[in-house]
Amino acid sequence: MRLSHLLPFVAVTALSLSPSAQAATTITWWHAMEGVLGEKVNAIADEFNASQDDYVVKPVYKGSYSDNLTATIAAFRAGQAPAITQVFEVGTATMMSAKGAIYPVYQLMQDTDTPFDPDAFLPAVKSYYTSSDGHMLSMPFNSSTPVLYYNQDAFAKAGIETPPKTWAELGKDAHKLVESGAAECGLTTAWPSWTQLENFSAVNDLPFATQANGFNGTDARLVFDQQPATVAHIQDLAEWQKSHAFEYGGRADNGTKRFQSGRCAMLTTSSASRAGIQEAAKGKFGFGIAPLPYDAKAVSQPRNSIIGGASLWVMRGQSDKVYQGVAEFMNFLSSPAVQADWASFTGYVPITTAAYQRLKDDGFYAKTPGASVAIDQLTRGTPDDNSRGLRLGNMPQIRNIIAEQLEKAFNGSETAAQALTDAAERGNQELEQFERSVSN
Amino acid sequence: MTTFERHSLTPWLLLAPQLVVVAIFFFWPAAESLRQAFYVQDAFGLGERFVGLANFQHVLASPGYWHAFGVTALFSLLVAAGAMGLALLLAVLADRVLHGARLYRVLLTWPYAVAPAVAGLLWLFMFDPVLGVLTHALAAIGVHWDAQLDPGQALALVVIASIWQQMSYNFVFFLAGLQMIPASLLEAAAIDGAGPFRRFFGITLPLLSPTAFFLLVMNSVYVLFETFATIDSTTLGGPGGATRTLVYKLYEDGFVGRDLGGSSAQSVLLMILVGVLTFIQFRYLERRVAY
Amino acid sequence: MRYRRPGLDGLTHLLLIIGAVIFGLPLWLALTASTHSAGDLQSGIAPLWFGDQGLANYWQLLSQPMPGLGVSALRLLGNSLVMALGIALGKIAISLLAAYAIVFFRFPCRTLCFWLIFVTLMLPVEVRIVPTYGVVARFGLIDTYAGMILPLIASATATFLLRQCFLSLPSELFEAARLDGAGPLRFLKDFVLPLSRTNLAALFVIMFIYGWNQYLWPLLAANSPDHATAVISLKNLVQSTDTLPPWQLATAMTVLTVLPPVVVIVAMQRFFVRGLTDAEK
């Protein structure tokens, strides 16, 4: 008899011997957290699995956010969607419009009688994932916001004492850094659209799109090109590019490398990059974290910045038993202990007020300089129409278009005004296409 | 060729595996592509609407599509010119040597075995802004290399990687073509007093022209499809769309943009383009058979 | 005998050597970089000569899970091997049978079958990628070896080449077989296959490389690390988020990824050239 014939018997015996394996329902969780973050995700799932015997959460790394969304959609079309999937913040509108595909979290919690309080989340986080009629549709998980990282050694060499607060100050500092030879380049950025347009608009209280940045309807259209302050900001960066006071570092988080290697003395990127930057800077240079600069000509008091990162969506097509488990897992995930641990480990912000409080009480912010910058920046003021976030369909493509047009402005082939007008026009075509596709 | 008679079932059994695979994994998706080109659908497939030729109108009216078309044409031209020129030069040289010909052939053909994606990464490493050998060499002569921002440099990066990869393919064909040219022909010309250059341009090159034409088509097909991997591992179509080819755009619109109708319409247009290329190639093959 | 000027011979060799060096440079740099530490590669220029971290880097790659993917390089190379062999052998097997049927049998719709298969030459998988994904997902084959392999063998290149090859066999062969009383299967096994060995080997080389180097399809069809291929993993290593790319590992993995197909090409150079130029006919 061949071994393969024996396997079913072995499996059956093993199952009947271990009661927990027999009863456990598997919950699949597709995510896009790679490397150390992915290992942390596995650890969280393990912890949950060890805490009870009814469910086994199985996290599966599916590549980048975009890869994961693609895989989720394709799997749903083929009737094989995972129970939980992680979708980046700009995919929110896509998910919200797919009413037959998603199981809204507030409803899931209601149906399964699981305690759930949307007000436990930070306002800037909650508002991003709440529908216009006030229901939270997905579960926030990893949220971050852009901050300014600066190379303390280079700043000292150039004789600059404090990090810049406004963009005008940053411009002066960047030139000083390059001219004094303290750094080859002043500023670089990761996620160009997110840091230089989306958050620039929010912090300086300028509209990015109509309809409260899309929160009030799918007929929203881009208007960032009509804000003189926004256009002037991009024009400044394009000017600085010529003297290396600014260096465009590429899309996504490519620009981070120019800061990590010591080439650029300042970087605007996600607060969640802190661990990675710390690792790379170790033994090479000291760095500090400061709030994202604002434009003093546009606003006297900077508003809150908006979040990036991702939330967890529950997909339709699973059994009630699975949904019961999903609800329990969600409840576990948003508990202060798990959230505080996740935030302190990664550099993402704690998404609930309780987790934030817990970290404060533990003295985490006192021990970790710069870690509080992101949360302070997110919680200053009350989110308004311009700083609640973005809810625009086809936003991943719009980001690509914006990046493409910014590249044209930065390489001097177009003026900032021209580049942004084109970006808005092309982006609006995407919005129209989205509006058509969901109004079937 | 004579054939087996009286076996009516056997040929079908033999053909079955291929026909089944082709039906399921080729004709079904191709038909689906054709159908979706006439519909607008949301990403999750929850609803769809027949729109006639509207998807085609959108694609053909969008400047982005024609830009990608131009990039593809320029890309093809540069790769074909570069890879064929180099290959011809090296093949002529390799054809001349008596000793070590086999070694040279190995040393010049191995890049064919390198995946286009890996070819892209190898050159990306050489042009890395921080540690790239070529970045520093260029800086030494006053050229600031920044392929993330400069459209020309980005295109140059993928073109160079593609030429590097595609040269070996062309080399094999040119060398085979050269070795098929009868020595007596060149001998006779030499006796008539023709120098090496006149012999090359008067005899060798015309005789190689069918090979060259074939390679031109093959290089275009290579740029159309295979360079997707080179682009995706290096420039991601940027900056400013400078390296976005037709297939890259199709992928972006379909998989990143989830515009199924639009990307299917592009598939159909590409099908037509490839059909034309295949037809040209077929006509050429027919002519060659007639020799 | 060719007409040559002795003075040119030296120049010829020189130019060929320069060509070979330039073509070898990218891989050489990857090879040397893979023997340095991460620290060495984070500052300064990529080294032109070997360092002393080679063993450590390759050992880390082969023994430990790859950063970001969580599976070891051995697993990735194994996946690539399964995919390359699956595509090469699968394609040859189904094409061999189909070409044999088309050449040696007469049956209704023979021409139609031939054209049905021929049309597949016109549409590489890149073009029909979106619906192909849908079809494969419908069969539940996403993230399986079968799903990674099947759509790529649905093409007629091999059928075409083998048809050419069979047509060029002398027709006396068929008569001899008939005198021998050989049926279709024995004729295939004892007469056709032995005579097509070179062509089959050539086809194998080309298809193996084609399979090993696939990019877009495995990227979509195998998007969990368990089935990821070596080529795909490289993109993950280099385009890693939040950290500098671990160039020492990326270059070492590049060397490991490039090695198998290069060895195949070099060891089977004769078949490789034959395989390529056959495709033209």
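No experiment lies behind these values; they were computed from the predicted model shown.

Analysis parameters
Residues numbered from 1 in each chain as written. Chains lettered and ligands numbered in written order. Predicted model: local features only at pLDDT ≥ 70, side-chain atom pairs only at ≥ 80, totals over all residues. Helix = DSSP H or I, 4+ residues; strand = E, 2+ residues; numbered from the N terminus. Buried ≥ 20, exposed ≤ 12 C-beta atoms within 10 Å, placed from the backbone. Contact = placed C-beta atoms within 7 Å. Rg over C-alpha atoms; globule rule 2.2 N^0.38 Å. UniProt positions renumbered as here; feature names shortened; annotations may be inferred. Pairing = 2+ DSSP bridges. Axes fitted to C-alpha atoms, helices over the stretch in contact; angles between N-to-C directions. Parallel < 35°, antiparallel > 145°, perpendicular 65-115°, else oblique. Nonpolar A, V, L, I, M, F, W, Y, C, P; charged D, E, K, R; others polar. Core = buried A, V, L, I, M, F, W, Y, C linked by C-beta atoms within 7 Å. Domains from an automatic or database assignment. pLDDT = per-residue confidence, 0-100. Right-handed = clockwise from strand over helix to strand, strands pointing away.

A. Representation of the overall build of chain B. When helices and strands are tallied, chain B shows eleven helices and two strands. If one aligns the C-alpha atoms of chain B with their principal axes, the spans along those axes are about 75 × 75 × 30 Å. Split into buried and exposed, the 291 residues of chain B put 51% on the buried side. Pairs at least 24 residues apart make up 70% of the contacts formed inside chain B by residues separated by at least 6 positions.

B. Structural detail: the overall build of chain C. On a plain count of helices and strands, chain C comes out with 15 helices and zero strands. Relative to a compact globule of 281 residues, whose C-alpha radius of gyration would be 19 Å, chain C shows 23 Å and is clearly more extended. Each principal axis of the C-alpha atoms in chain C carries an extent, and together these give about 75 × 65 × 30 Å. For chain C, the proportion of its 281 residues judged to be buried stands at 52%. Taking the intrachain contacts of chain C between residues at least 6 apart in sequence as the baseline, contacts between residues at least 24 apart amount to 72%.

C. Quick look at the UniProt feature "domain: ABC transmembrane type-1" (unreviewed entry) in chain B. The UniProt record annotates "domain: ABC transmembrane type-1" (unreviewed entry) at residues 73-281 of chain B. Helix makes up 78% of residues 73-281 of chain B and strand 0%. Its end C-alpha atoms lie 18 Å apart.

D. Layout of the sheet that holds strand β9 (residues 264-270) of chain A. Residue and element names in this part refer to chain A. Taken together, five strands build an open sheet; the order of strands is β8-β7-β9-β6-β10 and the sheet is mixed. Whereas interior strands pair on both sides, the edge strands pair on one side only; in this sheet they are β8 (246-248) and β10 (287-290). Each adjacent strand pair in this sheet contributes to an overall mean axis angle of 25°, direction not counted. As defined by bridge partners, strand β6 (residues 146-151) adjoins β10 across four bridges and the pair is classed as antiparallel. The residue bridging N151 from the neighbouring strand is F287, located in β10.

E. Focus on the UniProt feature "transmembrane region" (unreviewed entry) in chain B. Residues and elements named next belong to chain B. This chain's UniProt record puts "transmembrane region" (unreviewed entry) on residues 12-31, 65-94, 106-126, 171-191, 203-225 and 265-285. Within the segment residues 65-94, helix and strand shares are 100% and 0% respectively, and the terminal C-alpha atoms sit 42 Å apart. Structurally, residues 171-191 comprises 90% helix and 0% strand, and the distance from its first C-alpha atom to its last is 29 Å.

F. Representation of the packing of helix α4 (residues 73-104) of chain C against helix α13 (residues 230-238) of chain C in the model. All names here are of chain C. Packing of α4 against α13 leaves a shortest axis separation of 8 Å and a crossing angle of 140°. Considering the angle they form, α4 stands oblique to α13. The residues of α13 that touch α4, namely those facing L76, L77 and S80, are A230, V231 and S233.

G. Seen up close, the interface of chain C and chain B. Counting residues at the interface gives 79 residues for chain C and 81 residues for chain B. For the side of chain C that touches chain B, the leading source of residues is helix α1 (residues 6-33) of chain C, giving twelve residues. Residues belonging to the side of chain C that touches chain B are distributed by class as follows: 55 nonpolar, 17 polar and seven charged.

H. Looking closely at the nonpolar core. Among the nonpolar cores identified, the biggest contains 310 residues, and Y149 of chain A, A87 and V118 of chain B together with M253 of chain C are the most heavily contacted of them. Split by domain, the residues of this core number at least three in each of domain 1 (10-144 + 307-367) and domain 2 (146-305 + 393-438) of chain A.

I. Inspection of unusual backbone geometry at higher detail. Residue and element names in this part refer to chain A. With phi around 55°, D113 is a residue other than glycine that occupies positive phi space. Even without glycine at this site, N394 takes up a positive phi of about 55°. Inspection of the secondary structure puts N394 in the loop between α19 (371-379) and α20 (395-410). N394 gets classed as buried once you count the C-beta atoms within 10 Å, which come to 27.

J. Region of interest: the UniProt feature "transmembrane region" (unreviewed entry) in chain C. Residue and element names in this part refer to chain C. Sequence positions flagged by UniProt for "transmembrane region" (unreviewed entry) are, in local numbering, residues 12-31, 81-105, 112-130, 142-162, 191-212 and 247-268. The span residues 142-162 shows a helical share of 71% and a strand share of 0%, and its end C-alpha atoms are spaced 31 Å apart. Helix makes up 95% of residues 191-212 and strand makes up 0%, while its end C-alpha atoms are separated by 31 Å.

K. Up close: the environment of L276 of chain C. Counting through the fold element by element, L276 of chain C comes out in helix α15 (residues 269-278). Given 19 C-beta atoms within a 10 Å radius, L276 of chain C is considered partly exposed. Residues L276 of chain C and V205 of chain C, 71 residues apart in the sequence, show an inter-C-alpha distance of 9.3 Å. If we ignore the near neighbours within four places in the chain, the residues touching L276 of chain C are Y169 and V172 of chain B together with I206 of chain C.

L. Expanded view of the confidence of the model for chain C. Residue and element names in this part refer to chain C. With 92% of its residues at a pLDDT of at least 70, chain C reaches an overall mean of 83. The secondary structure element of chain C with the lowest average pLDDT is helix α2 (residues 38-42), at 72, and the one with the highest is α4, at 93. Scoring the predicted complex yields pTM 0.83 and, for the interface, ipTM 0.87.

M. Examining the pairing of strand β1 (residues 25-31) of chain A more closely. Residue and element names in this part refer to chain A. Looking at chain direction, β1 and strand β2 (residues 55-61) are connected through seven bridges and run parallel. Counterpart to T28 in the pairing with β2 is K58. In terms of handedness, the path from β1 via helix α3 (residues 35-51) over to β2 forms a crossover that is right-handed. Where β1 lies against strand β3 (residues 84-88), two bridges are found, and the strand directions are parallel.

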